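# Observations on the model geometry
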Amino acid sequence: MLKIYNIKDKKEFLKEICILTQNEWGSKCNSEEEFNKKIAKKMNKILNSLDNPYYCKLILVNENESDKNSMLIGFISIFPNDCEERKEITPWYATMFVKKEFRGNGYSKILNNEILKEAKKRGFRKIYLKTDLDGYYEKFGAKFIEKLENGEKLYYFDLV
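To keep things clear, this report deals only with the structure shown in the data block. (Residues numbered from 1 in each chain as written. Predicted model: local features only at pLDDT ≥ 70, side-chain atom pairs only at ≥ 80, totals over all residues. Heavy atoms only, no water.)

Here we take up the overall build of the protein. Within the protein, the regular secondary structure consists of three helices and seven strands. In the protein, the order of α-helices and β-strands from amino to carboxyl end is β-α-α-β-β-β-α-β-β-β. Expected size for 160 residues packed as a compact globule is a radius of gyration near 15 Å; at 16 Å, the protein falls within 12% of this value. For the protein, the spread of C-alpha atoms along the principal axes amounts to about 45 × 40 × 30 Å. Taking all 160 residues of the protein together, the buried fraction comes to 42%. Within the protein, residue pairs in contact and separated by at least 24 positions form 58% of the contacts whose partners lie at least 6 positions apart. In the protein, which carries 30 positive and 25 negative side-chain charges, the distance between the mean positions of the two groups comes to 2 Å. (Helix = DSSP H or I, 4+ residues; strand = E, 2+ residues; numbered from the N terminus. Rg over C-alpha atoms; globule rule 2.2 N^0.38 Å. Buried < 20%, exposed > 50% of the residue type's maximum accessible area, 1.4 Å probe, protein only. Contact = heavy atoms within 4.5 Å. Lys, Arg positive; Asp, Glu negative; His and termini not counted. Charge placed at Lys NZ, Arg CZ, Asp CG, Glu CD.)

Further remarks concern helix α2 (residues 32–49). Taking 1.5 Å of rise per residue, 18 residues should cover 26 Å, and α2 covers 26 Å from first to last C-alpha, within 8% of that figure. When we look at burial in α2, the residues that qualify are Ile-39, Ile-46 and Ser-49. Each buried residue of α2 sits inside an arc of 100° when the element is viewed along its axis, so together they form one side. In α2, the exposed positions angled more than 90 degrees off the buried face are occupied by Glu-33, Lys-37, Lys-41 and Asn-48. Of the surrounding elements, those touching the buried residues of α2 are α1 (14–25) and β2 (56–64). (Expected span 1.5 Å × (residues − 1). Arc of directions from axis to C-beta.)

Of the volumes computed, that of the largest pocket is approximately 1,200 Å³. As for the largest pocket, its lining consists of 42 residues, and the residues nearest its centre are Thr-21, Trp-25, Phe-79, Ala-94 and Thr-95. For the lining of the largest pocket, the secondary structure elements donating two or more residues are α1, α2, β4 (92–98), α3 (107–121) and β5 (126–131). Taken together, the residues of the lining of the largest pocket sort by class into 18 nonpolar, 13 polar and 11 charged. (1 Å grid on protein atoms, 1.4 Å probe; cavity = no way out; pocket = protein on both sides within 12 Å on 5 of 7 lines; lining within 4 Å. Points joined across faces, edges and corners; volume = space filled by probe spheres on them. Nonpolar A, V, L, I, M, F, W, Y, C, P; charged D, E, K, R; others polar.)

The quantities given are spatial measurements derived from coordinates; they are silent on function.
Right, dumping it as structure tokens:
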């Protein structure tokens, strides 16, 4: 059974999320010690952000009722800031991630819909996104704004 949770309510997935985040978007580490320090720093940053209304991390979990075993499928976030070129705008749609073994099953659409609902519930009228992907977020309703200096594209979702 698929369920969406706020990471506040399922902190047992926090370390796994931080490892996946570091592997996907983090800089290369030269040692296991350096990697573990980065994971600890990410975990602390998330824990310290949980009460910020401009921060949210939703997770998609497959819960097996028969053995009470839960498996993380993916996650998505709202960040207060996520773009050096456009520091004046907030909030940001960020870190959509579905584990490789679960891709192609529509889980990104579930995560997208839930984070947009959460952003609207928090009273946001727009949420911004930067990406280097072509044609991906448009299928979810993202509207193009401009190309950034680093080559990424800036989009927004209208929540009104």
